Amino acid sequence: FTPPVFRQQQFAPQGRSYAVLFALNSAALDASARGTISEAAAAARSFGSTSLDVVGQADASGNPATNRALAQRRAQAVVAELARQGIPRSAMRVS
């Protein structure tokens, strides 16, 4: 199981990276992931960040197309939670 960055999903308000971990083959956010996203959202708001990069990742085992799709779903899960916590979608870039 490979961790994501905000790199399983990564984003970096004020240059700080936050990592959200996912279960194997899953894009579901657990309580720990939501806590990390909450911390990152608070930092983004307090620093007035205008853009966040959310980078989806998956491990290298298995089918590459399946892994790319999983990485994208993970990134979108993070984006949705950030938006739920008040970060404008227009301030986020997913890669």
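Note that residues are indexed from 1 along each chain, following the sequence as it is written. Restriction of local features to residues with pLDDT of at least 70 applies here, the model being predicted, together with a cutoff of 80 or more for giving and counting side-chain atom pairs; totals for whole chains, interfaces and linings are based on all residues. Water and hydrogen atoms were dropped before computing side-chain values, which therefore reflect all heavy atoms in the structure.

K.L.:
Describe the overall build of the chain, with residues and values.
P.N.:
Here a strand is any run of E in DSSP of at least two residues, a helix any run of H or I of at least four, and the numbering for each starts at the N terminus. Each helix and strand in the chain was counted, giving 2 helices and 4 strands. For the chain, the α and β elements follow one another from N to C terminus as β-β-α-β-α-β. For every residue, the accessible area obtained with a 1.4 Å probe (protein chains only) is divided by the maximum for its type, and the residue is called buried under 20%, exposed over 50%, and partly exposed between those limits. Counting all 95 residues of the chain, 40% fall into the buried class. Of all intrachain contacts in the chain linking residues separated by at least 6 positions in sequence, the fraction that spans at least 24 positions is 60%. Computed by Shrake-Rupley with a 1.4 Å probe, the accessible areas treat only the displayed protein chains as cover when residues are assessed. Accessible surface computed for the chain: about 5000 Å², of which carbon and sulfur atoms make up 52%. Residues are treated as being in contact if the distance between any of their heavy atoms lies within 4.5 Å.

K.L.:
For the packing of helix α1 (residues 31-47) against helix α2 (residues 64-84), give the residues involved together with the corresponding values.
P.N.:
Interaxial angles span 0 to 180 degrees and are taken between N-to-C directions of axes, which are lines fitted to C-alpha atoms, for helices over the stretch in contact. At a minimum axis separation of 10 Å, α1 and α2 run at an interaxial angle of 55 degrees. Taken together, the axes of α1 and α2 lie oblique to each other. As α1 packs across α2, the resulting crossing turns out to be right-handed. Across the interface between the two elements, R34, I37 and A41 of α1 pack against V78, E81 and L82 of α2. Roughly parallel means an angle under 35 degrees; roughly antiparallel, over 145; roughly perpendicular, 65 to 115; everything else is oblique. Definitions for this section: a left-handed crossing has its near helix turned counterclockwise from the far helix by less than a right angle. A right-handed crossing has that turn clockwise.

K.L.:
Please set out unusual backbone geometry residue by residue, giving values where relevant.
P.N.:
Of note in this structure, N25 is not a glycine but carries a positive phi near 60 degrees. Along the chain, the position of N25 falls in the loop between β2 (18-19) and α1. For N25, a relative accessible area of 59% gives the class exposed.

K.L.:
Can you lay out the pattern of salt bridges for me, pointing to particular residues and giving the numbers?
P.N.:
Oppositely charged side chains may form a pair once their charged atoms are brought near each other. Salt bridge, as used here, is a side-chain nitrogen of Lys or Arg placed within 4 Å of a carboxyl oxygen of Asp or Glu. By the definition in use, this model includes 3 salt bridges. Among the salt bridges present, the one from D53 reaches R93, with a minimum N-O distance of 2.5 Å. Within this pair, whereas D53 is found in strand β3 (residues 52-54), its partner R93 is found in strand β4 (residues 92-94), the two being separated by 40 residues in sequence. Sharing partners across several salt bridges, the network here consists of R34, E81 and R84.

K.L.:
Describe the side chain of T36, naming the residues involved and giving the relevant values.
P.N.:
Among the secondary structure elements, T36 is positioned in helix α1. Judged by its relative accessible area of 18%, T36 is buried.

K.L.:
Lay out the confidence of the model for the chain with the relevant residues and their values.
P.N.:
When pLDDT is averaged along the chain, the result is 82; 82% of the residues meet or exceed 70. The quantity known as pLDDT measures the predictor's confidence residue by residue, on a range of 0 to 100. Ranking the helices and strands of the chain by mean pLDDT puts α2 first, with 94, and strand β1 (residues 10-11) last, with 48. Counting interchain partners and residues more than four positions distant, the pLDDT-below-50 stretch residues 1-10 has 60 contacts.

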